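Single-letter residue listing:
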Amino acid sequence: MWASFPWLPYVALIPLVAIAGLFTPPVFSIVRQGLVVAVPQHRRTALALDSVVVEIGFMLGPALGIVVAGFLGTGWTVLIFEFVLVAATAGFAVVNPTMRSRTPDADATEARPPLRSWLTLPVAAVLAASVTATLLLTGTELSVVAALRELNAAGLIGIILAIWGFGSAVGGILYGAIGRPIDAFWLLFALALTTVPVAFTGTWWSMAGVLLLSGFFCAPTMAATVEALTTSVPEAARGEALGWHGSALTGGSALGAPVVGFMIDQAGWPAGFLTSGLLALAVATIGLTLVRIRRRRRVAA
């Protein structure tokens, strides 16, 4: 399907994209499951490093796409990038990393537990945080594009997004170096709290400064949601749980584009930052409240 996309009319792309999406390799879920098994004693560091690598990919991807498109055209660019993904997935299949811990008492035939046994309220809350985080990130990216176009600085879009990604990479490295976990809802709260002020910037350089600060919490938030999820479910359900997590990330991104885009169309680019930031603040506050209630019940019991 991807091989035919560059030469099809727009109307034909809409149904084919939906069908092709069914066969998209769950790269993030598979890689993270393999990392958790490969380095169980350094799970936080490995997941933080994974988030940093993802941020580097997001920083380099658009720039590489623009360069290749300038030489070969958009059609061949789409084709090349999609088949790079195919090649990478094939290479991962050849390596075939272990997805289960191999301990002396491990039961290789352990059945996958039913969904209702591990999809508890705390797990659902982590998934909700994941949806909200990617909604916020997608909304921020759209708002940056809209803002810089209105500020007559469209040529700086790639640079501003790279600064944002650089902050995320640094934050991910710092998060991986700390010795104790940080609740994902606190990180989401900090991410949202530092995103809202971008709506009140009026120049590209002030926007870059605030986004650099906000970026520090991007990769840590993603890493913390994965860590919380993998420590909250049994190993036999880890693959399924990470699949849900991957769907939550994709769903948040898919939801963020139309919701934030609509707000930008209605009230301008500041509304994009405010909508995504305030929504994330609300979800983070609810999550922190649930965590506090759960801890009080444990103490009372």
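For the coordinates displayed, the defined rule picks out 3 salt bridges. Note that D50 and R32 form a salt bridge whose closest N and O atoms lie 2.7 Å from each other. With D50 in helix α3 (residues 43-72) and R32 in helix α2 (residues 27-38), the pair connects residues that are 18 residues apart, well separated along the chain. By relative accessible area, which is 7% here, R32 ends up buried. For the salt bridge of E235 with R238, the shortest nitrogen-to-oxygen distance reads 3.7 Å. On the basis of relative accessible area, E235 is assigned to the partly exposed category, the value being 23%. Assessed through its relative accessible area of 7%, R238 is described here as buried.

Moving on: the side chain of E227. Take E227: it is sitting in helix α10 (residues 218-232). Note on E227: relative accessible area 10%, which makes it buried. Reaching out from E227, the side chain makes a polar contact with the side chain of Y175 at a distance of 3.0 Å. Each residue touching E227, except ones within four places of it in the same chain, is listed here: R43, R44, L47, Y175 and P181.

What the rule picks out here adds up to 3 aromatic pairs. Their ring planes at 80 degrees and their centres at 5.6 Å tell us that W7 and W76 sit as a pair that is edge-to-face. On the criterion of sequence distance, the pair formed by W7 in the segment before α1 (10-21) and W76 in helix α4 (residues 74-95) is long-range, its members being 69 residues apart. Considering the side-chain rings of W269 and F273, the 6.0 Å spacing of their centres and the 90 degrees angle between planes classify their relative orientation as edge-to-face. Of this pair, W269 and F273 both sit in helix α12 (residues 269-300), separated by 4 residues, roughly a single helical turn. Side by side, W269 and F273 carry an identical accessibility label, which is buried.

Cut-offs and rules
- Residues numbered from 1 in each chain as written.
- Predicted model: local features only at pLDDT ≥ 70, side-chain atom pairs only at ≥ 80, totals over all residues.
- Heavy atoms only, no water.
- Salt bridge = Lys/Arg side-chain N within 4 Å of Asp/Glu carboxyl O.
- Helix = DSSP H or I, 4+ residues; strand = E, 2+ residues; numbered from the N terminus.
- Buried < 20%, exposed > 50% of the residue type's maximum accessible area, 1.4 Å probe, protein only.
- Polar contact = N/O pair within 3.5 Å; in protein donor to acceptor, adjacent residues only side chain to side chain.
- Contact = heavy atoms within 4.5 Å.
- Phe/Tyr/Trp six-rings, centres within 6.5 Å; stacked < 30°, edge-to-face > 60°.

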